[in-house]
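Now for the letters of each chain:
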Amino acid sequence: MVLALTVCGVVVALVVLGLFVFGLRRRLIQRSGGTFDCSLRWDVPEKPDTSGKGWSYGVARYSGDRIEWYRVFSYAYRPRRVLERASIEVAGRRLPEGEEELALLSDAVILTCLHQGIRLELAMSEDALTGFLAWLEAAPPGQRVNVA
């Protein structure tokens, strides 16, 4: 009986520690400011896929002339993807359709982009989208920016 209680106590402590580390990691990412919730789908086909598959929920952070994207459900402190402002080309925007509505946050808008020849989709709130497009257009003089 004592062994079972000890094992249960250790399991509960590990779960609480894991949740604490998730929260601490997100707090450290957001510490410098300029973050927003952003789902990402990498290397998508030309025709929109509305099945809802391939989306990863994350947090994006502005960092100078790039955006660092972190998966929410990860312990990694380094960003999973880094998008350079000069390499982002906006190809279009749309609202979620079909099963995508269940896979994404309720107020999400999907932005289709090309980044160094790779087609990707970013899903974010309307407010975050406004900030993202303003950030893209605010490139330093001499840099080309492609916003559709």
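Above this text is the structure in question.
A few points on the structure. Since the model is a prediction, treat every value here as computed from it, not as a measurement. (Residues numbered from 1 in each chain as written. Predicted model: local features only at pLDDT ≥ 70, side-chain atom pairs only at ≥ 80, totals over all residues. Heavy atoms only, no water.)

1. What about the packing of aromatic side chains?
The description of an aromatic ring pair rests on the distance of the ring centres and on the angle between the ring planes.
Phase 1 of the analysis: Summed over the entire model, instances satisfying the criterion amount to three aromatic pairs.
Phase 2 of the analysis: Geometrically, the ring pair formed by F36 and Y62 is tilted, given 5.3 Å between the ring centres and 40° between the ring planes. You can see F36 sitting in strand β1 (residues 35-37) and its partner Y62 sitting in strand β3 (residues 58-63), a full 26 residues away along the chain.
Phase 3 of the analysis: Through a chain of ring-to-ring contacts, the aromatic side chains of F36, Y62, F132 and W135 assemble into a single cluster. (Phe/Tyr/Trp six-rings, centres within 6.5 Å; stacked < 30°, edge-to-face > 60°. Helix = DSSP H or I, 4+ residues; strand = E, 2+ residues; numbered from the N terminus.)

2. Some remarks on the pairing of strand β8 (residues 118-124)
Phase 1 of the analysis: The element β8 is largely enclosed, with a buried count of six among its seven residues.
Phase 2 of the analysis: Taking the residues that link successive antiparallel strands as the turn, the strand β7 (residues 109-115)-β8 hairpin has two residues, and the phi of Q116 there is positive, at about 55°. (Buried < 20%, exposed > 50% of the residue type's maximum accessible area, 1.4 Å probe, protein only. Pairing = 2+ DSSP bridges.)

3. A look at the sheet that holds β8
Phase 1 of the analysis: Strands sit in the order β2-β8-β7-β6 across an open sheet of four strands; the sheet is antiparallel. Bordering the open sheet on either side are β2 (39-42) and β6 (88-94), each of which pairs with just one other strand. Strand-to-strand twist of the sheet, defined as the mean angle between neighbouring strand axes without regard to direction, takes the value 25°.
Phase 2 of the analysis: In the sheet, β2 pairs with β8 via four bridges, with the strands oriented antiparallel. Among the inter-strand pairings, R41 is bridged to a residue of β8, identified as E121.
Phase 3 of the analysis: The sheet strands contacting helix α3 (residues 126-137) are β6, β7 and β8, and the helix crosses β6 at an angle near 150°. (Axes fitted to C-alpha atoms, helices over the stretch in contact; angles between N-to-C directions. Contact = heavy atoms within 4.5 Å.)

4. With respect to the environment of D107
Phase 1 of the analysis: In this structure, D107 sits in the loop between α2 (100-103) and β7.
Phase 2 of the analysis: The class for D107 is partly exposed, based on a relative accessible area of 48%.
Phase 3 of the analysis: Distance in space between the C-alpha atoms of D107 and V21 is 28 Å, their sequence separation being 86 residues.
Phase 4 of the analysis: Setting aside chain neighbours within four positions, we find D107 in contact with M124, S125 and E126.

5. Notes on the pattern of salt bridges
Where charged atoms from two side chains of opposite charge approach closely, those side chains can pair.
Phase 1 of the analysis: Counted under the stated rule, the structure contains nine salt bridges.
Phase 2 of the analysis: Between E46 and R119 there is a salt bridge, and its shortest N-O distance comes to 3.8 Å. Placement of E46 in the loop between β2 and β3 and of R119 in strand β8 is noted, with a sequence separation of 73 residues between them.
Phase 3 of the analysis: The class of R119 is buried, set by a relative accessible area of 16%.
Phase 4 of the analysis: One salt bridge connects R93 with E126, and the closest N-O pair in it is separated by 2.8 Å. With a gap of 33 residues between them, R93 in strand β6 and E126 in helix α3 connect regions that are remote in the sequence.
Phase 5 of the analysis: Where salt bridges share partners, they join R41, R94, E100 and E121 into one cluster. (Salt bridge = Lys/Arg side-chain N within 4 Å of Asp/Glu carboxyl O.)

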